[in-house]
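In case you want the letters, here they are:
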Amino acid sequence: MAGQHETTTDTVTLYEDVPAPAHGDDLAQAKRWLAAAGRITRAERAARLPGATGDTVARRAVNWAEVRPEWGLAGCAAFVAAPRAATVGRSLEGRAFLHSYDWQDDEGFGTLELILTAPVVVASWISLQYYGSAVAPRAFGGGNKLIHNVVGGIGVVQGNGGILRPGLPWQTVHDGETLAHEPLRLSVLVEAPTAAIADVLRKHDGVRELFDNGWLHLFALENGRISARYRPGLEWDRVEAQTKAA
């Protein structure tokens, strides 16, 4: 059944396209689980958001008047595509884009190609926007949200003039005293044969350039542990498989 996860409010909507009376109890239980998971997640996120509580963080996330509405993506550090067993039971502190993926069920590696060319690319946009807004706010940030005016739907200016600012407001990456987002290059960890990963990169120049030019780091996993690190030019440095991915 299709569903949508609203990442700013931690709510999940299930789309019941056709009646499924035989699964009514299952759907009701799933909705209870999802609602409970949302409450837990909101409480965890509220702990680091100034002035927020588990009960108010969802409302803040959709309130344009809030200076710091939500920090759901602040702190993003890793992208993991591996069997769920590789990370289950470990706290990733809300800092990982987490995908359940088993390469042994991926005949032809079509799903691997989809992961590397779609969600990894989107994660790179997010990570680099936070990175640029934190390390060079004058060039890549959005300035002070308190005096923003939206221009043409493509950026903001501060007050009634000045340069067009396309990045994130300072309040998105800073809590007023210190950085709320640790600026670093996203680490992409994929549990799949290195040859299969390299084949996908060989077919997609734009994706390979993200790693060849150092905008992202790429690691291969074996049984949930780092086994190799990607180097520019479709090369790999083997690593003794003893470093836990988490």
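The preceding data block contains the structure.
For clarity, every value in this text was computed on a predicted model and none was experimentally measured.

Section: the overall build of the chain
Next up, step 1: Assigned secondary structure in the chain consists of eight helices and 11 strands.
Next up, step 2: Over its C-alpha atoms, taken along the principal directions, the chain stretches across nearly 55 × 55 × 35 Å.
Next up, step 3: For the chain, the residues scored as buried account for 36% of the 246 residues in total.
Next up, step 4: Pairs at least 24 residues apart make up 52% of the contacts formed inside the chain by residues separated by at least 6 positions.
Next up, step 5: Counting only carbon and sulfur atoms, one obtains 53% of the accessible surface of the chain, whose full area is about 14,100 Å².
Next up, step 6: Positive and negative side-chain charges in the chain, numbering 24 and 28 respectively, have mean positions lying 8 Å apart.

Quick word on the packing of helix α3 (residues 110-117) against helix α4 (residues 119-135)
Next up, step 1: The geometry of α3 relative to α4 is characterised by a closest axis approach of 3 Å and an angle of 15 degrees between their N-to-C directions. Judged by the inter-axis angle, α3 sits roughly parallel to α4. Contacts between α3 and α4 pair Leu114, Ile115, Leu116 and Thr117 from the former with Pro119, Val120 and Val121 from the latter.

Description of the pairing of strand β7 (residues 161-165)
Next up, step 1: Sheet analysis places strand β6 (residues 155-158) next to β7, joined by two bridges and oriented antiparallel. From the neighbouring strand, valine 156 faces β7, where its bridge partner is arginine 165.
Next up, step 2: The loop that links β6 with its antiparallel partner β7 comprises two residues; one of these, glycine 159, has a positive phi angle of about 70 degrees.

Here we look at the pattern of salt bridges
Next up, step 1: Across all of its chains, the model carries 10 salt bridges by this definition.
Next up, step 2: The salt bridge partner of glutamate 66 is arginine 60, with a shortest N-O separation of 3.9 Å.
Next up, step 3: With relative accessibility at 23%, the residue glutamate 66 sits in the partly exposed group.
Next up, step 4: Given the relative accessible area of 9%, arginine 60 is considered buried.
Next up, step 5: A salt bridge links arginine 208 to aspartate 212; the nearest nitrogen and oxygen atoms lie 3.4 Å apart. Taken together, the positions of arginine 208 and aspartate 212, both in helix α8 (residues 205-212) and four residues apart, correspond to about one turn of that helix.
Next up, step 6: What makes aspartate 212 partly exposed here is its relative accessible area of 23%.

A short note on unusual backbone geometry
Next up, step 1: A positive phi angle, close to 60 degrees, is found at aspartate 10, a residue other than glycine.
Next up, step 2: Relative to the helices and strands, aspartate 10 is located in the loop between β1 (3-6) and β2 (11-14).
Next up, step 3: Under the relative-accessibility criterion, aspartate 10 is labelled buried at 9%.
Next up, step 4: The phi torsion at glutamate 93 lies on the positive side, around 55 degrees, for a residue other than glycine.
Next up, step 5: Tracing the chain through its elements places glutamate 93 in the loop between β3 (78-82) and β4 (96-100).

Re the nonpolar core
Next up, step 1: Formed by 40 residues in total, the largest nonpolar core has its most connected members in Phe79, Leu112, Val188, Val190, Ile197, Phe211 and Leu218.
Next up, step 2: Elements supplying a minimum of two residues to this core: β3, α3, α4, β8 (187-190), α7 (194-203), α8, β9 (217-222) and β10 (225-231).
Next up, step 3: Here leucine 112 is in contact with Tyr101, Asp106, Val190, Ala192, Ala196, Ile197 and Val200, once residues within four sequence places are set aside.
Next up, step 4: Counting residues in each nonpolar core, the second largest holds eight residues, with Ala78, Val80, Ala82 and Leu221 among its members.

Looking at the sheet that holds strand β5 (residues 148-151)
Next up, step 1: What the three strands build is an open sheet, ordered β5-β6-β7; its pairing is antiparallel. Two strands lie at the open edges of the sheet, namely β5 and β7, each paired on one side alone. When strand polarity is set aside, the average angle formed by the axes of neighbouring strands in this sheet is 35 degrees.

Some remarks on the packing of α7 against α8
Next up, step 1: Two elements in contact, α7 and α8, have axes whose closest approach is 5 Å; the angle formed by their N-to-C orientations is 115 degrees. By the angle between their directions, the pair α7 and α8 is classed as roughly perpendicular. Between α7 and α8, the residues in contact are Leu201, Arg202 and Lys203 and Asp205, Val207, Arg208 and Phe211, respectively.
Next up, step 2: Split into classes, the residues belonging to the contact of α7 with α8 amount to three nonpolar, no polar and four charged.

A few points about a nonpolar patch on the surface
Next up, step 1: A surface patch of nonpolar side chains, amounting to about 270 Å² of accessible area, comprises Val151, Ile154 and Leu164.
Next up, step 2: One can find leucine 164 in strand β7.

The rules we used
Residues numbered from 1 in each chain as written. Predicted model: local features only at pLDDT ≥ 70, side-chain atom pairs only at ≥ 80, totals over all residues. Heavy atoms only, no water. Helix = DSSP H or I, 4+ residues; strand = E, 2+ residues; numbered from the N terminus. Buried < 20%, exposed > 50% of the residue type's maximum accessible area, 1.4 Å probe, protein only. Contact = heavy atoms within 4.5 Å. Areas by Shrake-Rupley, 256 points an atom, 1.4 Å probe, with all protein chains shown as cover. Lys, Arg positive; Asp, Glu negative; His and termini not counted. Charge placed at Lys NZ, Arg CZ, Asp CG, Glu CD. Axes fitted to C-alpha atoms, helices over the stretch in contact; angles between N-to-C directions. Parallel < 35°, antiparallel > 145°, perpendicular 65-115°, else oblique. Pairing = 2+ DSSP bridges. Salt bridge = Lys/Arg side-chain N within 4 Å of Asp/Glu carboxyl O. Core = buried A, V, L, I, M, F, W, Y, C linked by side-chain atoms within 4.5 Å. Nonpolar A, V, L, I, M, F, W, Y, C, P; charged D, E, K, R; others polar. Patch = residues over 30% accessible without salt bridge, like charges linked within 9 Å, V, L, I, M, F, W, Y side chains within 5 Å.

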